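Commentary on secondary and tertiary structure
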Amino acid sequence: MIYTVTLNPAIDYVIKVDNFETGIVNRTKQENMFFGGKGINVSNVLKTLGEKSTALGFIAGFTGKAIKEGLEAKGLKTDFVEVAGLSRINVKMKSDNETEINGMGPQIKDAQVQALLGKLDNLKDGDILVLSGSIPGSMPDDIYEKIMEYVKSKNVLIVVDATNNLLMNCLKHHPFLIKPNNHELAEIFNVEIKNKEDVVVYAKKLQTMGAKNVLVSMAGDGAVLVDQNNDVHITSAPKGEVKNSVGAGDSMVAGFIYGYIKTNDFKTALKQATATGSATAFSEDLASKEKIDELLKTISEDE
Ligand SMILES: Nc1ncnc2c1ncn2[C@@H]1O[C@H](COP(=O)(O)OP(=O)(O)O)[C@@H](O)[C@H]1O
Ligand SMILES: O=P(O)(O)OC[C@H]1O[C@](O)(COP(=O)(O)O)[C@@H](O)[C@@H]1O
């Protein structure tokens, strides 16, 4: 079974505004709402690919209720802990540039963290646990590490998609997969990353710090995977019209998990990951199965 954890779910309010200007009234020319947050996006795309998962995390207030009901209406299994306050609304604005304003989320109490940990008692050997996204401002940044410690007696494959300390604190527990993007990788080591050769160097450093497999996404430039056998795999992203890249990274994680559990082969998993990420980038919403399959046919590993 696959479990995704989204500690800070969100309604993504995705808008298009022509020539956005600060200090005046701007009006949208297109608007959409999606039930998101990184782990939830992973669950959604896994469902599209035909894999069941359970979405865990914290939800709050009417926005949280809308997220839970919206996901369940799509046939996703959820098992959230309800807390006081409001789940956030994240604004994603496409104009001349893309701008995002992500909320900080509700207050989480210790008893609610314990309730969430209790749900992980259901995990069994061989399960996959995805820890993805930022955490509410009220939570300490060792929470993913605590979750990894909590399940360490079980043989669970853990995927972490997070930034800064939230990610770095986890490495000593040897996550199966981490997926920074190239900008996050550069920030971690406080370096400039100019090309895929540089990516490989710093991905390998993350391995020496504890990660088993390091997948670095590079938006329109594709992705690099340094796998646990020390093999390096590189893909280029397909070309196409980017409609909404929100959730492309999460789709990539879902595609990787799907490709890996179907084949146990890292090269295949990377191709599936790249096709799935790009299929989302080329769609208004998260990727459809048809789009993923269409792009998968076009992806080959770079020499
Ligand atoms: N402009 C784009 N063109 C083609 N594919 C893209 C584009 N942006 C994202 N993708 C696909 O989605 C994957 C993840 O994108 P990225 O933006 O790096 O992730 P994140 O959202 O985590 O920053 C990329 O590796 C690629 O396959
Ligand atoms: O584009 P990505 O990195 O795949 O993730 C998109 C998701 O992450 C979010 O931007 C939230 O990210 P954070 O949890 O890091 O704040 C959501 O609003 C959105 O659904």
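Remember, predicted model here, so these are calculated numbers, not experimental data. (Residues numbered from 1 in each chain as written. Chains lettered and ligands numbered in written order. Predicted model: local features only at pLDDT ≥ 70, side-chain atom pairs only at ≥ 80, totals over all residues. Heavy atoms only, no water.)

Observations concerning helix α3 (residues 110-119)
- Where α3 is concerned, the buried positions are Q112, V113, L116, L117 and K119. Looking straight down α3, one finds its buried side chains confined to an arc of 155 degrees; they lie on one side. Summarising the geometry of α3, the exposed residues directed more than 90 degrees from the buried face are D110 and A111.
- Residues of α3 that are buried make contact with β4 (53-60), β5 (77-83) and α4 (143-150). (Buried < 20%, exposed > 50% of the residue type's maximum accessible area, 1.4 Å probe, protein only. Helix = DSSP H or I, 4+ residues; strand = E, 2+ residues; numbered from the N terminus. Arc of directions from axis to C-beta. Contact = heavy atoms within 4.5 Å.)

What about the side chain of D12?
- The topology assignment puts D12 in strand β2 (residues 10-17).
- K92 is the oppositely charged side chain nearest to the buried, salt-bridge-free D12, at an N-O distance of 4.3 Å.
- The residues touching D12, leaving out its near neighbours within four places in the chain, are N32, M33, F34, G36, G37, N90, K92 and V246. (Lys, Arg positive; Asp, Glu negative; His and termini not counted. Salt bridge = Lys/Arg side-chain N within 4 Å of Asp/Glu carboxyl O.)

Some thoughts on the site of ligand 2
- Near ligand 2 there are 18 residues, and of these D12, K38, N90, K92 and S134 occur at the shortest range.
- Note that an oxygen atom of ligand 2 is positioned 2.6 Å from one of the side-chain N or O atoms of K92.
- Between G249 and ligand 2, the recorded distance is 3.2 Å, taken from a backbone N or O atom to an oxygen atom.
- Surface burial for ligand 2 is 84%, taken as the share of its 480 Å² of free accessible area covered by protein chains.
- At the level of secondary structure, the elements contributing two or more residues to the shell around ligand 2 comprise α1 (38-48), β6 (88-94) and α8 (248-263).
- Considering only residue class, the shell around ligand 2 consists of 2 nonpolar, 10 polar and 6 charged. (Near = heavy atom within 4 Å. Polar contact = N/O pair within 3.5 Å; in protein donor to acceptor, adjacent residues only side chain to side chain. Areas by Shrake-Rupley, 256 points an atom, 1.4 Å probe, with all protein chains shown as cover. Nonpolar A, V, L, I, M, F, W, Y, C, P; charged D, E, K, R; others polar.)

Section: the pairing of strand β13 (residues 232-235)
- When strand β12 (residues 223-226) meets β13, the two strands line up antiparallel, connected through 4 bridges. Looking at the pairing, L225 lines up with H233 of β13. (Pairing = 2+ DSSP bridges.)

Focus: the nonpolar core
- Ranked by size, the top nonpolar core spans 47 residues in total, and within it L129, Y144 and V160 carry the most contacts.
- Looking at this core element by element, the count peaks at 5 residues for helix α7 (residues 196-208).
- Excluding its chain neighbours within four sequence positions, the residues that come into contact with L129 are Y3, V5, L120, L123, I147, V151, V156, L157, I158 and V159. (Core = buried A, V, L, I, M, F, W, Y, C linked by side-chain atoms within 4.5 Å.)

Details of the confidence of the model for the chain
- Summary statistics for the chain give a mean pLDDT of 96 and a share of 100% for residues scoring 70 or more.
- Predicted complex, confidence summary: ipTM 0.96, pTM 0.97. (pLDDT = per-residue confidence, 0-100.)

A short note on the site of ligand 1
- If you check the shell around ligand 1, you find 18 residues, and the closest are K179, N181, S217, A219 and S278.
- Contacts to ligand 1 include G222, whose backbone N or O atom sits 3.1 Å from an oxygen atom.
- Starting from 550 Å² of accessible surface for ligand 1 in isolation, the protein chains cover 83%.
- Elements supplying a minimum of two residues to the shell around ligand 1: α8 and α9 (266-281).
- The biggest single contributor to the shell around ligand 1 is α9, with 4 residues.

Focus on the sheet that holds β6
- Judged by pairing direction, the sheet is mixed, and its 4 strands sit side by side in the order β3-β2-β6-β7 without closing on themselves. Unpaired on one side and paired on the other, β3 (28-36) and β7 (98-101) mark the two borders of the sheet. Ignoring which end each strand starts from, the neighbouring axes of this sheet average 15 degrees apart.
- By the bridge criterion, 8 bridges tie β2 to β3 in an arrangement that is antiparallel. Residue pairing in the sheet places Y13 in a bridge with M33 of β3. (Axes fitted to C-alpha atoms, helices over the stretch in contact; angles between N-to-C directions.)

Remarks on the packing of α8 against α9
- Relative to each other, α8 and α9 sit at 150 degrees, their axes nearing to 7 Å. On the basis of the axis angle, α8 is roughly antiparallel to α9. Crossing handedness for the pair α8 and α9: right-handed. Taken together, the residues of α9 that come into contact with α8 (itself represented by A248, S251, M252, G255, F256, Y258, G259, Y260 and T263) are F266, T268, A269, L270, Q272, A273, T274, T276, G277, T280 and A281.
- Class assignment for the residues of the contact of α8 with α9 results in 10 nonpolar, 10 polar and no charged. (Parallel < 35°, antiparallel > 145°, perpendicular 65-115°, else oblique. Left-handed = near helix turned anticlockwise from the far one by under 90°.)

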